[in-house]
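In case you want the letters, here they are:
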Amino acid sequence: MNEKENRMPALAPCPDYTPETVRRALEAAIEASGGLSWVKPGMRVGIKLNLCAAKKPEAAATTHPVLASELTRLLRERGAEVVLGDSPGGPFVAPLMHRLYETTGMELCREAGGVLNEDFGYSEVEFPEGKSIRRFACVDWLRSCDAVINFCKLKSHGMMGMTAAVKNLYGVIPGTHKSEYHYRHEDPMRFADMLIDLNEYVRPQLHLCDAVEIMEGNGPTMGTPRHLGLVLACRDPYRLDRLCAALLSLKEREIPYLEAAKRRGLLAAEEPEIGALAAPYALKDFQRSGATASWFARTEEDRGLRKLLKQGMYLLFRSRPAVGRDCTGCGRCARDCPASAITVVIGRARIRRNACIRCFCCQEFCPTGAMRVQRSLAARLTGR
Ligand code: SF4
Ligand code: SF4
């Protein structure tokens, strides 16, 4: 198999989360994307899950525990040590992570011979090749592994349009530090470049995606589960996410990090074979979380009038967070807002629009789903 074929994405039908079905699907998808011959006895393999919130598996917000445990079994059968974890927004500390492991069902991975991460330290790392970040805080547990498997969940996302493989690596930045990186990368294309830097730094050996029950609408934590019935695998995060975009019938220009990957020469302009792979399973009516307006974002090459026009269109089309009537005034959004743009007044969150950087952390972590992404009038009128 040549390098190009080896880095092509693969998918396998997986109608439900029963262990036998999951095992078959995982084996088929992994085999079609190059197999696990790189896993050697004694190797320490880290599985970077998506554990964005303490939600039950049926909420479809997190990587499903049966998928994680069956992957653990496959790796253990090859003699590897397996450690699983994530670092969601908020403090990266034992009590919160233990609750997360329990609620998301990840205890199942212990029965399969895996270890749930207990190292909540981080270090400043250098990445001189980075375009957007060259020095950043990185969780220690992943750095201590010989190899990393990125096991993401396919969901809608307020800022990036969707979250799958590329976005999942934002979890290498420890919890509370994420706010700072949001604040420093307000422009979606700059944020996208940072995500790509993280992927290029970690370079997982394999990317897997739980696309059995995906999330649409108010994702990535409070959306609606939807059945897609697939497990995806690829050695290349950008191609895996290109396949995901095709499965959701999203335009690639609506996903900033796919545009950024193309600009950096990490993703070909087009790969019709990936569209053909997705076509039999593609959802035609996937509900997005918000319009990202990435196609209006500036590039370094933009100058003069072109730069001004693109910025104007971006401001016109970008989405904003909006507080719904079901706000309980709990204050979680105010605590997590990197721009300190939220206050709670008489039991209800209020947003200072001119301070908001549109990172949608508030929407992601609102425990009631009251904070939503609101598309602009221009976006709604033009169907963007
Ligand atoms: S997190 Fe949600 S419920 Fe809590 S104050 Fe903010 S908008 Fe309201
Ligand atoms: S109000 Fe919400 S979207 Fe705006 S900066 Fe704060 S967390 Fe981000």
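Every value quoted in this text rests on a predicted model; they were computed, and no experiment measured them.

**Comments concerning the overall build of the protein chain**
Each helix and strand counted, the protein chain has 16 helices and 14 strands in total. Dimensions along the principal axes, computed over C-alpha positions, put the protein chain at roughly 55 × 45 × 40 Å. Counting only residues that meet the buried cut, the protein chain has 50% of its 384 residues in that class.

**Observations regarding the nonpolar core**
In terms of nonpolar packing, the biggest core is built from 111 residues, with Leu195, Cys209, Ala211, Val231, Leu232, Cys244 and Tyr257 touching the most fellow members. Residues lining this core come from more than one domain, with at least three contributed by each of domain 1 (3-281) and domain 2 (294-381). Apart from residues no more than four positions distant in its own chain, cysteine 209 is found in contact with Cys152, Leu154, Ala164, Ala165, Leu232, Leu240 and Cys244.

**Section: the site of ligand 2**
As a matter of local geometry, ligand 2 sits amid 14 residues, with Cys337, Ala339, Cys356, Cys359 and Cys362 nearest to it. By residue class, the composition of the shell around ligand 2 is 13 nonpolar, no polar and one charged.

**Structural notes on the site of ligand 1**
Taken together, 14 residues surround ligand 1, and among them Cys327, Cys330, Cys333, Ala349 and Cys366 come closest. Residue classes in the shell around ligand 1 are distributed as nine nonpolar, four polar and one charged.

**Some remarks on the domain arrangement of the protein chain**
Here the protein chain is described as being made up of domain 1 (3-281) and domain 2 (294-381). Measuring from the centre of the C-alpha atoms in domain 1 to the corresponding centre in domain 2 gives 25 Å. Contacts between the two partners involve 21 residues from domain 1, matched on the other side by 19 residues from domain 2. Mapped onto the side of domain 1 that touches domain 2, the elements with two or more residues apiece are α8 (178-184), α9 (188-202) and α11 (256-263). Element by element, the count of residues in the side of domain 1 that touches domain 2 is highest for α8, at four residues.

**Re the pairing of strand β12 (residues 342-345)**
Examined bridge by bridge, β12 and strand β13 (residues 348-351) share four bridges and lie antiparallel to one another. Considered in β13, the bridge of valine 345 is made with arginine 348.

**Considerations on α9**
Between the first and last C-alpha of α9 there are 21 Å, a value that for 15 residues agrees with the 21 Å anticipated at 1.5 Å per step. The buried count for α9 comes to 11 of 15 residues, which makes it a mostly enclosed element. Taken residue by residue, α9 has Pro188, Met189, Phe191, Ala192, Asp193, Met194, Leu195, Ile196, Asp197, Leu198 and Asn199 as its buried positions. Taken together, the buried residues of α9 touch α7 (165-168), α8, α10 (237-247) and α11. One or two residues past the end of α9 sits arginine 203, with phi positive at roughly 45°.

**Some thoughts on the pairing of β13**
Only one face of β13 is buried: it carries Ala349 and Ile351, and the other face, with Arg348 and Arg350, is open. Hairpin connection of β12 to β13: two residues between the antiparallel strands, including isoleucine 346 at a positive phi of 45°.

**Some details on the environment of phenylalanine 360**
Along the polypeptide, phenylalanine 360 turns up in the loop between β13 and α15 (361-365). C-alpha separation for the pair phenylalanine 360 and arginine 190, spaced 170 residues apart in sequence, amounts to 15 Å. Beyond its immediate chain neighbours, meaning those up to four positions away, phenylalanine 360 contacts Gly158, Met159, Pro321 and Val373.

**Observations concerning the environment of isoleucine 196**
Counting through the fold element by element, isoleucine 196 comes out in helix α9. Between the C-alpha atom of isoleucine 196 and that of lysine 167, which follows or precedes it by 29 residues, the distance is 8.5 Å. Filtering out sequence-adjacent residues up to four positions away, isoleucine 196 remains in contact with Val166, Tyr257, Ala260, Ala261, Arg264 and Leu266.

**As for unusual backbone geometry**
Of note, the amide linkage connecting glycine 219 to proline 220 takes the cis form, showing an omega dihedral of 15°. By secondary structure assignment, the location of proline 220 is in the loop between β9 (206-216) and β10 (224-234). Here the phi dihedral of serine 249 falls at roughly 55°; this positive angle occurs in a residue that is not glycine. For serine 249, a count of 13 C-beta atoms within 10 Å translates into the label partly exposed. One non-glycine residue, serine 340, lies in positive phi territory at about 50°. Here serine 340 is to be found in the loop between α14 (332-336) and β12.

The rules behind each value
- Residues numbered from 1 in each chain as written.
- Chains lettered and ligands numbered in written order.
- Predicted model: local features only at pLDDT ≥ 70, side-chain atom pairs only at ≥ 80, totals over all residues.
- Helix = DSSP H or I, 4+ residues; strand = E, 2+ residues; numbered from the N terminus.
- Buried ≥ 20, exposed ≤ 12 C-beta atoms within 10 Å, placed from the backbone.
- Core = buried A, V, L, I, M, F, W, Y, C linked by C-beta atoms within 7 Å.
- Domains from an automatic or database assignment.
- Contact = placed C-beta atoms within 7 Å.
- Near = placed C-beta within 6 Å.
- Nonpolar A, V, L, I, M, F, W, Y, C, P; charged D, E, K, R; others polar.
- Pairing = 2+ DSSP bridges.
- Expected span 1.5 Å × (residues − 1).

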